[in-house]
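Report on the structure
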Amino acid sequence: MHRPSPRPFRTALDSALQTVSIERKGLQALEHALSGPLGEAFCEAVNRIAESEGRLIVTGIGKSGHIARKIQATLASTGTPSLFLHPAEAAHGDLGMVAPGDLILAFSNSGESTELAAILAYAARQKHCVIAITSVGTSALARASEIPLVLPTSTEACPMGLAPTTSTLLQLALGDALALALLEKRGFTARDFGVFHPGGLLGARLRPISDLMHTGDALPLGQSSLSLRSVILEMTRKSFGCMGVTDDNGVLQGLITDADLRRALSGDLDTTTAKDVMNAAPVTATPTTLAQDVLQLMNQRERPITSLFIVDEDRRPTGIVHVHDLLRSGLS
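The structure displayed is predicted, hence computed values, not measured ones. (Residues numbered from 1 in each chain as written. Predicted model: local features only at pLDDT ≥ 70, side-chain atom pairs only at ≥ 80, totals over all residues. Heavy atoms only, no water.)

Section: the overall build of the protein
- Assigned secondary structure in the protein consists of 14 helices and eleven strands.
- Taken against the 2.2 N^0.38 rule, which gives 20 Å for 332 residues, the C-alpha radius of gyration of the protein at 30 Å runs more than 25% over that of a compact globule.
- Out of the 332 residues belonging to the protein, those deemed buried represent 42%.
- On the protein, roughly 17,500 Å² of surface is accessible, and the fraction owed to carbon and sulfur atoms is 54%.
- Across the protein, the 29 positively charged side chains and the 33 negatively charged ones have centroids separated by 6 Å. (Helix = DSSP H or I, 4+ residues; strand = E, 2+ residues; numbered from the N terminus. Rg over C-alpha atoms; globule rule 2.2 N^0.38 Å. Buried < 20%, exposed > 50% of the residue type's maximum accessible area, 1.4 Å probe, protein only. Areas by Shrake-Rupley, 256 points an atom, 1.4 Å probe, with all protein chains shown as cover. Lys, Arg positive; Asp, Glu negative; His and termini not counted. Charge placed at Lys NZ, Arg CZ, Asp CG, Glu CD.)

Below you can see the structure in the form of structure tokens.
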């Protein structure tokens, strides 16, 4: 049986480059459009969502539905209460998910998706604000929307002009822009982000170090007048390879490490004091410092730190963390 010879790889690469070029032009058109009426409507949408006490109900069908699901997930993870409502299920009872005060964000390239009709009719009856992301300003969706966000005219990267490509990319870009504008408007922080992402590497990075530190009797501590012999005993009992040196008020004055001990062993263990051998400027962190920042703090030095004291605003030790605690948490 005759088999056609495979196309040269360069042909596939040419196709890829053409796709990227067409989609890049679409993004440039979107950037330009945001400097005009689209930008004004966008700001209005951001303000309405930010000021609302309800949730943002995100919906769409087909490829626009896939984009809507992604944007809803981004909104939820960045501090905008939201949920995805499938248009087909909405007409079969799921409209009950829409509560008073909720806003609706609908995605449809053509703006003529009949599956959205039930949601739009319900929104009109119940006085829900509808925000649309569509490419056709005269479409049914745009007309039914209080705030239509009309994307600029763009060429689909599909050589037949049929498969949604550039149009879905622009929906994605504008949806991401909406989510991030809301994030900034709300003052959403990395710490807030960590609350919604407790799992995996991201969750480990965004945990406050207070979640990982050792506290109480586990802390290797001693006063500056402590003899070197007593320092060795305290460091041996606590197994962190160091000891924090405090004054009479419990304020951290310095740090003694294994290396400091080795350098001091030639002296008298009973007359040499902790103050004589301590590092008077130890690196510390606060309980609210993110785990990722603590790990960076420990690794960015010429000689990495293996144990780090966590201190309060008065520099009193409240905890200690070993680099192995960070690695076990999922950081690397």
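Let's talk about the sheet that holds strand 4 (residues 130-134)
- The strand order across the open sheet built from five strands is 2-1-3-4-5, with neighbouring strands paired in parallel fashion. Looking along the sheet, the strands with just one partner apiece sit at the ends: strand 2 (82-84) and strand 5 (147-150). Each strand axis lies, on average, 20° off the axis of its neighbour in the sheet, ignoring direction.
- One ladder, built from five bridges, connects strand 1 (residues 56-60) with strand 3 (residues 103-107); its direction is parallel. Pairing of valine 58 across the sheet is with leucine 105, part of strand 3.
- Contacts from helix 2 (residues 37-51) reach strand 1, strand 3, strand 4 and strand 5, with the element oriented near 135° to strand 5. (Pairing = 2+ DSSP bridges. Axes fitted to C-alpha atoms, helices over the stretch in contact; angles between N-to-C directions. Contact = heavy atoms within 4.5 Å.)

Structural notes on the pattern of salt bridges
- Tallying each qualifying case throughout the model produces ten salt bridges.
- The residue glutamate 234 makes a salt bridge to arginine 237 at a minimum N-O spacing of 2.8 Å. One end of the pair, glutamate 234, and the other, arginine 237, are both in helix 10 (residues 228-238), three residues apart, so they sit about a helical turn from each other. (Salt bridge = Lys/Arg side-chain N within 4 Å of Asp/Glu carboxyl O.)

Description of the UniProt feature "binding site: Zn(2+)" (unreviewed entry) in the protein
- According to UniProt, the feature "binding site: Zn(2+)" (unreviewed entry) maps to His86 in the numbering used here.
- In contact with histidine 86, other than residues within four places in its own chain, are Thr59, Ile61 and Arg69. (UniProt positions renumbered as here; feature names shortened; annotations may be inferred.)

With respect to the sheet that holds strand 8 (residues 252-257)
- The three strands are arranged 6-7-8 in an open sheet whose pairing can be described as mixed. Both outer strands of the open sheet, strand 6 (221-223) and strand 8, are each paired with one neighbouring strand and no more. Each strand axis lies, on average, 30° off the axis of its neighbour in the sheet, ignoring direction.
- As defined by bridge partners, strand 6 adjoins strand 7 (residues 242-246) across three bridges and the pair is classed as parallel.

Brief notes about the pairing of strand 5
- Only one face of strand 5 is covered, namely the one carrying Ile147 and Leu149; the face carrying Pro148 and Val150 has none of its residues buried.
- Bridge count for strand 4 against strand 5 is four bridges, and the pairing is parallel. Bridge pairing in strand 5 links alanine 132 to proline 148.

A few points about the nonpolar core
- Grouped together as the largest cluster of nonpolar side chains are 29 residues, with contacts concentrated most on Leu75, Leu105, Phe107, Ile131, Leu149, Leu174 and Leu178.
- A total of six residues in this core trace back to one element, the largest contributor, which is helix 2.
- Look past the residues within four positions of phenylalanine 107 in its chain and what remains in contact with it is Val58, Thr59, Gly60, Ile61, Ser64, Ile67, Ala68, Ile71, Leu116, Ile133, Leu141 and Gln171.
- In terms of nonpolar packing, the next biggest core, distinct from the first, is built from 16 residues, Leu83, Ala90, Ile104 and Ala132 among them. (Core = buried A, V, L, I, M, F, W, Y, C linked by side-chain atoms within 4.5 Å.)

Let's talk about the state of the cysteines
- Counted under the stated rule, the structure contains zero disulfides.
- Cysteine 43 forms no disulfide, and the closest cysteine sulfur to it belongs to cysteine 129, at a distance of 15 Å.
- Accessibility expressed as a relative area gives 44% for cysteine 43, which makes it partly exposed. (Disulfide = S-S within 2.5 Å.)

A closer look at the side chain of histidine 128
- Here histidine 128 is to be found in the loop between helix 5 (117-126) and strand 4.
- Judged by relative accessible area, which is 10%, histidine 128 ranks as buried.
- Reaching out from histidine 128, the side chain makes a polar contact with the backbone oxygen of aspartate 102 at a distance of 2.8 Å.
- Discounting chain neighbours no more than four positions away, the residues touching histidine 128 are Val98, Ala99, Pro100, Gly101, Asp102, Ile104, Tyr122 and Ala123. (Polar contact = N/O pair within 3.5 Å; in protein donor to acceptor, adjacent residues only side chain to side chain.)

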